[in-house]
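Architecture at a glance
For reference, the chains in residue letters:
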Amino acid sequence: MSVDDGVRKLKTEADEPGWDVDPDDEWGVAVIATVGRQLRLRREAAGIRAADFGAVLGYSEGLIYKIEGGKRIPRPEFLDKSDEVLGADGLLSAMKEDVAKVRYPKKVRALAKMEAQAVELQLYDPLNIHGLLQTPEYARGLLLMRRPAYTPDELERMIAGRLARQNIFQRDPAPEISFVLEEWTLRRPLGGRELRRPQLERLLEVSQMRNVELQVMPMDREEHAGVDGSIEVLKFGNGSVVGRSPVVANGRPLTEPKQLHILELRYGIIRAQALAPRESSVLIEQLLGET
């Protein structure tokens, strides 16, 4: 909150980009409607007007009504402060976990859920550095290039969802993760050359994790089994497997053994054609030295 001539500037809808509820996300709509209803009931029970409540929290009256009406996703700090002001004994603060999930697009949540349950992941992206490896700055630079362009709301939701998926590296027990990256994606200064160095440093950091194998496909390879596009293979503790590739079933999740065998065969060949993990780290270090 800022002070201007002794008057506090209250946050309005324009000050809070990226927090609208996706109307097509039924679960998300239900969660935010429930949170908003609890906020309104507790505020009214406390005998506090919306304008006064907003002034305490630093929000405009209109934004308070929109949050209470289930049209706006409240920030975690908003819920904590509301809990304190309304004497909710932790009830409102406890809703932060579900509210945080609603921030992310529905399809991102579905992907993150599968990644969070997998015990082994095999990942190949021929176009960009994989989303699980991207720094926030690289992710933003990449998403800003999308045409037609994302709206500010969509952009913030996509970035938040992409970064949230990276919690996979903090899981315990840790899953086994294999990445294959294209050398040319490491050389390309997407979003600006100043973003390249921290991104390469992030790759080296992840490559040193004991549960991660990171390999680079050199540009000078004359044979390449990955010309058909990206590959994702996720294996779970119960023995089930889910795969995905844009050239198989139009990119829809696959569980049929024959199709999964094709994806795993391609991925195995790609790994064999790529540099070994240690050789890949050496290449990344060389690229880092050139920045």
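Above: the structure in question.
All values reported here derive from a predicted model rather than from experimental measurement.

What counts as what
Residues numbered from 1 in each chain as written. Predicted model: local features only at pLDDT ≥ 70, side-chain atom pairs only at ≥ 80, totals over all residues. Heavy atoms only, no water. Patch = residues over 30% accessible without salt bridge, like charges linked within 9 Å, V, L, I, M, F, W, Y side chains within 5 Å. Areas by Shrake-Rupley, 256 points an atom, 1.4 Å probe, with all protein chains shown as cover. Salt bridge = Lys/Arg side-chain N within 4 Å of Asp/Glu carboxyl O. Helix = DSSP H or I, 4+ residues; strand = E, 2+ residues; numbered from the N terminus. Phe/Tyr/Trp six-rings, centres within 6.5 Å; stacked < 30°, edge-to-face > 60°. Buried < 20%, exposed > 50% of the residue type's maximum accessible area, 1.4 Å probe, protein only. Contact = heavy atoms within 4.5 Å. Expected span 1.5 Å × (residues − 1). Arc of directions from axis to C-beta. Polar contact = N/O pair within 3.5 Å; in protein donor to acceptor, adjacent residues only side chain to side chain. Core = buried A, V, L, I, M, F, W, Y, C linked by side-chain atoms within 4.5 Å.

Before going further, it helps to spend a moment on a nonpolar patch on the surface. Taken together, the side chains of L127, W184 and M219 present a nonpolar region at the surface, about 310 Å² in accessible area. Mapped onto the secondary structure, L127 falls in the loop between β3 (118-125) and α7 (136-143).

Below, the discussion takes up the packing of aromatic side chains. Overall, the coordinates contain two aromatic pairs when judged by the stated rule. Ring centres 6.4 Å apart and planes at 75 degrees place the aromatic pair F53 and F78 in the edge-to-face group. Of the two residues, F53 is situated in helix α2 (residues 50-57) and F78 in helix α4 (residues 76-86); the sequence distance between them amounts to 25 residues. Each member of the pair F53 and F78 is classed as buried. Between Y59 and F78 the ring centres are 4.9 Å apart and the planes differ by 65 degrees, which places this aromatic pair in the edge-to-face class. Placement of Y59 in the loop between α2 and α3 (61-68) and of F78 in helix α4 is noted, with a sequence separation of 19 residues between them. Taken as a pair, Y59 and F78 share a single burial class, namely buried.

Looking at the secondary structure, you find E183 in helix α9 (residues 183-187). For E183, a relative accessible area of 8% corresponds to the buried category. If sequence neighbours within four positions are ignored, E183 has contacts with V216, M217, P218, M219 and L283.

This part covers helix α12 (residues 277-290). One turn of an α-helix holds 3.6 residues; hence residues three or four places apart share an orientation. The first and last C-alpha atoms of α12 sit 20 Å apart over 14 residues, in line with the 20 Å expected at 1.5 Å per residue. Of the residues making up α12, those classed as buried are S280, S281, L283, I284, L287 and L288. Within α12, the buried residues cover an arc of 160 degrees as seen down the axis, which keeps them to one side. Within α12, the exposed residues directed more than 90 degrees away from the buried face are R278, G289 and E290. Looking at the buried side of α12, the elements it contacts are α9, α10 (196-207) and β5 (212-217).

Before going further, it helps to examine the side chain of T185. Its place among the elements puts T185 in helix α9. A distance of 2.6 Å separates the side chain of T185 from the backbone oxygen of E182, its partner in a polar contact. Those residues within four positions of T185 in sequence are excluded, and the remaining contacts are P126, L127, N128, I129 and Y138.

Attention now moves to the pattern of salt bridges. Scanning the entire structure with this criterion turns up 15 salt bridges. Residue E232 is joined to R244 by a salt bridge in which the shortest nitrogen-to-oxygen separation is 3.1 Å. In this pair, E232 sits in strand β6 (residues 231-236) while R244 sits in strand β7 (residues 241-244), placing the two residues 12 residues apart along the sequence. A residue is classified by how much of its surface remains accessible, and E232, at 17% relative accessible area, is buried. Members of the salt-bridge network, linked through shared partners, are E183, R187 and E290.

All right, on to the nonpolar core then. Ranked by size, the top nonpolar core spans 30 residues in total, and within it L133, F169, F179, L186 and L203 carry the most contacts. Those elements giving two or more residues to this core turn out to be β3, α7, β4 (176-182), α10, β5, β6 and α12. V21, V31, L79 and L86 belong to the second-largest nonpolar core, a separate cluster that totals 21 residues.

Scope: geometric values only; no functional claims are made or implied.
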